[in-house]
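# Descriptive analysis of the structure
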Amino acid sequence: MRKIVLDTNCLLMAIPKNSPYRVVWDSFLSNEYILCVSNEILEEYLEILSQKTTPSIAENVISVITNQPNVEFITPYYHFNLIQQDTDDNKFVDCAIVAGAEYLVSNDLHFRILQQISFPKVYVLRLSTFTRFLKGYDWSKEDLMLLNEGEVKYQRTTTKT
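Residues numbered from 1 in each chain as written. Predicted model: local features only at pLDDT ≥ 70, side-chain atom pairs only at ≥ 80, totals over all residues. Heavy atoms only, no water.

### Describing helix 3 (residues 39–52)
Given 3.6 residues per turn, any residue in an α-helix points the same way as the ones three and four places further on. Over its 14 residues, helix 3 runs 20 Å from end to end, which matches the ideal 20 Å to within 8%, given 1.5 Å per residue. For helix 3, every residue scored as buried is listed here: Ile41, Leu42, Glu44, Tyr45, Ile48 and Leu49. One face of helix 3 carries all of its buried residues, which in axial projection span an arc of 160°. Those residues of helix 3 that are exposed and aimed more than 90 degrees away from the buried face are Asn39, Glu43 and Gln51. Residues of helix 3 that are buried sit in contact with strand 1 (3–6), helix 1 (8–14), strand 2 (34–37), helix 4 (55–67), strand 3 (71–73) and helix 5 (90–99). (Helix = DSSP H or I, 4+ residues; strand = E, 2+ residues; numbered from the N terminus. Expected span 1.5 Å × (residues − 1). Buried < 20%, exposed > 50% of the residue type's maximum accessible area, 1.4 Å probe, protein only. Arc of directions from axis to C-beta. Contact = heavy atoms within 4.5 Å.)

### Quick look at the pairing of strand 1
Across 2 bridges, the pairing between strand 1 and strand 2 is parallel. Each residue of the ladder has a partner; that of Ile4, found in strand 2, is Leu35. Bridging between strand 1 and strand 4 (residues 103–105) involves 3 bridges; their strand directions are parallel. The partner of Leu6 across the bridge, within strand 4, is Val105. (Pairing = 2+ DSSP bridges.)

### Details of the environment of Cys95
Residue placement: Cys95 occurs in helix 5. A residue is classified by how much of its surface remains accessible, and Cys95, at 0% relative accessible area, is buried. The spacing of Cys95 and Val37 is 58 residues in sequence and 6.7 Å in space, taken between C-alpha atoms. Not counting the four nearest positions on each side in its chain, Cys95 is found in contact with Val5, Cys36, Val37, Ser38, Ile41, Ile74 and Pro76.

So, to be careful, I would describe these as geometric facts and stop short of saying anything about function.
Now the structure itself:
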């Protein structure tokens, strides 16, 4: 079973029933992947969920997470400090490394720095890409849209008449 670390912003987008990313939460509840968390990550989940929803909803979500059989609790004893721009993001990187997680799922661009670091290697997936794969797309790394890769930008063209 695949191990992942889920950034807080992605958790927030995956929980609402009408979210296009709801498959991430539903797949978690169906034990389709292992969610790796540390105490620091759970504390951030609780804090941000309490701010964005209500304290009781936040506590219920944390309770669900901590009671699922497909959660791996990680205690990073070493801090790699790979992200300098937003050092608070390092808790997710450290957890992913210690857990041996296949992917860290995040839309946070601070994680782009990880493409320049060859060891320890941490692959970061966008939430939209992880959602596609949970819906049945192939998991081959050649086809992944990693956060590490640049976004394709389209420009609007105007025609003069």
